[in-house]
Amino acid sequence: MGYPKDRRYTKEHEWIELKGDLATIGITDHAQHELGDVVFVELPKLGAKIEAGKSFGTVESVKAVSEIYAPANGEVIEANGELQNKPETINSDPHGAAWLIKVRLTNAKGISDLMDAAAYEAYIAEKGKETSA
Amino acid sequence: MDSSTTSPISALRKTPLNALHRRLGAKMVNFGGWDMPVEYPPSGGLIAEHKAVRGSVGVFDVSHMGDIRIHSGKKPGGALAAVQHITMNDASRLAIGQAHYSAMLYPEGTFVDDVIVHRLGEDDFLLVINAGTREKDINWVRDNTKGFDGVVEDLSDAYTQLAIQGPRAAEVLQKLTDADLGAIKNYWFTHGTVCGLKNTLIARTGYTGEDGFEIYVPSGVATSERVWNQVMEAGREFGIIPCGLGARNTLRLESKMALYGHEISEQINVWEAGLDRYCKMEKGEFIGRAALERAKAAGLARTLVGIEMIDRGIARDEYCCCNDAGERVGVVTSGSPSPTSGKNIALAYVPPAYSALGTVLRVEIRGQKYKAQVVPTPFYKRPKKHATA
């Protein structure tokens, strides 16, 4: 799968898409593949503050619990309520319909340090080599 | 996402089907020191695998399981006496061709491992043990059978073990063997030609709560892959898919089958685990018996219960279990969403006072307490069939 070029990526496999000071955050296709069938999502409430590098929610597959880490600082203005009833959307459309939260950024510092699509693809390719050598 | 840490792959042990699993696109994990498939995303992944076994048929590579043969020394009866000494079930009741669930115990009455004991001959037994405890088990068996006139052989690397599981398993395997599978009852076995391999052990056993067979073929890579492929081909009309350890775990959990290191361990005794019916105190001496006598007289401090989440949340292994007042009283040993019911189920140890059906408990998930209740187990029981084809 090609990773969308209009966003940035973290080493913990989240993506963030910016429009001015509004950002949409989700997990990557690689992340959903690693997790397997997603059955449960826990997201923050409206108005919650998220902090770069800190966990703001969890995604669970049958086998595993995974923390989701904030790529930036901000305040949650919307959480994707659809995912509560259809968590499997995270497997089928992680970069689209299965966005997790929308936030108003309190500062955009550090976002430009995140990986672009090409760097992220290289990053996960490298990780793949480590585990299948 | 957490990035999980993995051991260097070279340090992990591999079954003869390792390369095949990788070609099939399996997601591999370190399971007790073994590089094993947890699921096969290209053919649908864990939930699809679980449903294939409940609804039709799936195949598992379980070659990581260990196999210990104990047979006669100079005099007949030595192997039986040794097996009776090191296992809690009564192996003297087994007919030749019959198997049963049993366990090896420490003198404290807690678990070395659980085991399926097969009676191959009058004084000839095959013990199938867990992968993660193979070395510990074989050493323990050797140490504790020294005084007996029996020969202990570690055959763990001699076999590729495939589990063909599900309501259509018999139809699939029957295409590949001359043995009359309909004549093999649950927990019995026979030897027959499978995929041209003479004298193959075929057992009607498994770890899924479903009908099914486990076959033991020579462990060469080419032979193992050929048998696997023939099983897949024979199962094609029934939608057979390869199944990994993920589905194996959810299937056994729904059926309330114990997993070593979770429901049973060196800390937990037979009565607590609720495995009374596989422990035959009346058969005479065996390791752990005296401690179990004392434990029975002392009464249970904790007992294994099945719980189902009421609140939205998934109980996982090692999460704390609280009473309705919020006081910590026990611990979850295995927890998962149930692919069959869609509910979030778990097994947990709690004091007997909290074990009655309907008792409300609270499971601590990331610092919050979520409501659950004690429910009947097993969570899943396979429908009774009239014919045993």
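Not measured: the values here are computed from a predicted model. (Residues numbered from 1 in each chain as written. Chains lettered and ligands numbered in written order. Predicted model: local features only at pLDDT ≥ 70, side-chain atom pairs only at ≥ 80, totals over all residues.)

**Student:** Looking at this model, I keep getting lost on the overall build of chain A. Mind explaining?
**Tutor:** Scanning chain A for helices and strands turns up four helices and nine strands. Taken from the N to the C terminus, the helices and strands of chain A come in the order β-β-β-α-β-β-β-β-β-α-α-β-α. Taken over the C-alpha trace, chain A has a radius of gyration of 14 Å; the compact-globule value for 133 residues is 14 Å, and the two agree within 12%. Dimensions of chain A along its principal axes, counting C-alpha atoms only, are 45 × 35 × 20 Å. The buried share among the 133 residues of chain A stands at 40%. For chain A, restricting intrachain contacts to residue pairs at least 6 apart in sequence, the fraction spanning at least 24 positions comes to 63%. (Helix = DSSP H or I, 4+ residues; strand = E, 2+ residues; numbered from the N terminus. Rg over C-alpha atoms; globule rule 2.2 N^0.38 Å. Buried ≥ 20, exposed ≤ 12 C-beta atoms within 10 Å, placed from the backbone. Contact = placed C-beta atoms within 7 Å.)

**Student:** Is there a simple way to think about the pairing of strand β16 (residues 328-337) of chain B in this case?
**Tutor:** Two faces make up the sheet, and in a regular strand the side chains alternate between them. Residues and elements named next belong to chain B. The element β16 is extensively covered by neighbouring structure, given that seven of its ten residues are classed as buried. Where strand β15 (residues 320-323) meets β16, three bridges bridge the pair, whose relative direction is antiparallel. Looking across to β16, one finds that C322 is bridged to R328. Hairpin remark: β15 followed by β16, antiparallel, with four residues in the connecting loop; positive phi at G326, about 95 degrees. Direction of pairing for β16 relative to strand β17 (residues 344-350): antiparallel, over a ladder of six bridges. Note on β17: the bridge partner recorded for S336 is I345. What sits between the antiparallel neighbours β16 and β17 is a turn of six residues, in which G342 has the positive phi angle 80 degrees. (Pairing = 2+ DSSP bridges.)

**Student:** How should I be thinking about the nonpolar core in this particular structure?
**Tutor:** One broad trend across soluble globular proteins is that nonpolar side chains are buried collectively. Residues and elements named next belong to chain B. With 138 residues, the main nonpolar core has I164 and V363 as its most contacted residues. By residue number, the principal contributor to this core is β17, which donates six residues. Among residues more than four places away in sequence, those in contact with V363 are M309, G313, A315, Y319, C321, V332, Y370 and A372. (Core = buried A, V, L, I, M, F, W, Y, C linked by C-beta atoms within 7 Å.)

**Student:** Explain the interface of chain B and chain A here, please?
**Tutor:** Where the parts come together, the accessible area they lose is often given as the size of the interface. The interface is formed by 18 residues belonging to chain B together with 19 residues belonging to chain A. Within the residue set of the side of chain B that touches chain A, elements represented by two or more residues are β2 (34-39), α2 (46-55), α7 (245-254) and β16 of chain B. Of the residues assigned to the side of chain B that touches chain A, the class counts are nine nonpolar, six polar and three charged. (Nonpolar A, V, L, I, M, F, W, Y, C, P; charged D, E, K, R; others polar.)

**Student:** How should I be thinking about the domain arrangement of chain B in this particular structure?
**Tutor:** Residue and element names in this part refer to chain B. As assigned here, chain B comprises domain 1 (9-64 + 158-254), domain 2 (66-133) and domain 3 (300-389). One C-alpha centre belongs to domain 1, the other to domain 3, and the line joining them spans 29 Å. With twelve residues of domain 1 at the contact, the number on the domain 3 side is 13 residues. Breaking the side of domain 1 that touches domain 3 down by element, the ones donating at least two residues are α2 and α7. Examining the composition of the side of domain 1 that touches domain 3, we find that four residues originate from one element, α2, more than from any other. The residue inventory of the side of domain 1 that touches domain 3, partitioned by class, reads three nonpolar, four polar and five charged. (Domains from an automatic or database assignment.)

**Student:** What should I look at first to understand helix α3 (residues 78-86) of chain B in this one?
**Tutor:** Along α3 of chain B, the positions that sit buried rather than exposed are G78, A79, L80, A82, V83 and I86 of chain B. Looking at the buried side of α3 of chain B, the elements it contacts are β4 (66-72), β5 (99-105), β6 (111-121), β7 (124-129), α4 (134-144) and β8 (150-154) of chain B.

**Student:** How should the sheet that holds strand β8 (residues 73-79) of chain A be read in this particular structure?
**Tutor:** Whether parallel or antiparallel, the strands of a sheet pair through hydrogen bonds between backbone atoms. Reading across from one edge, β1-β2-β3-β9-β8-β5 (chain A) is the order of the six strands in this open sheet, with antiparallel pairing throughout. The open sheet has two edge strands with one neighbour each: β1 (8-9) and β5 (49-50) of chain A.

**Student:** What exactly am I supposed to notice about the sheet that holds β16 of chain B here?
**Tutor:** An order of β14-β17-β16-β15-β18-β19 (chain B) is seen for the six strands of this closed barrel, with the pairing classed as antiparallel. The mean angle between the axes of side-by-side strands here comes to 45 degrees, regardless of whether they run parallel or antiparallel. (Axes fitted to C-alpha atoms, helices over the stretch in contact; angles between N-to-C directions.)

**Student:** What's the story with α2 of chain B in this structure? I'm lost.
**Tutor:** For an α-helix, the turn length of 3.6 residues means that residues three or four places apart are oriented alike. Most of α2 of chain B is tucked away: seven of the ten residues are buried. Taken as a whole, α2 of chain B has its buried residues at L46, I47, E49, H50, A52, V53 and R54 of chain B.

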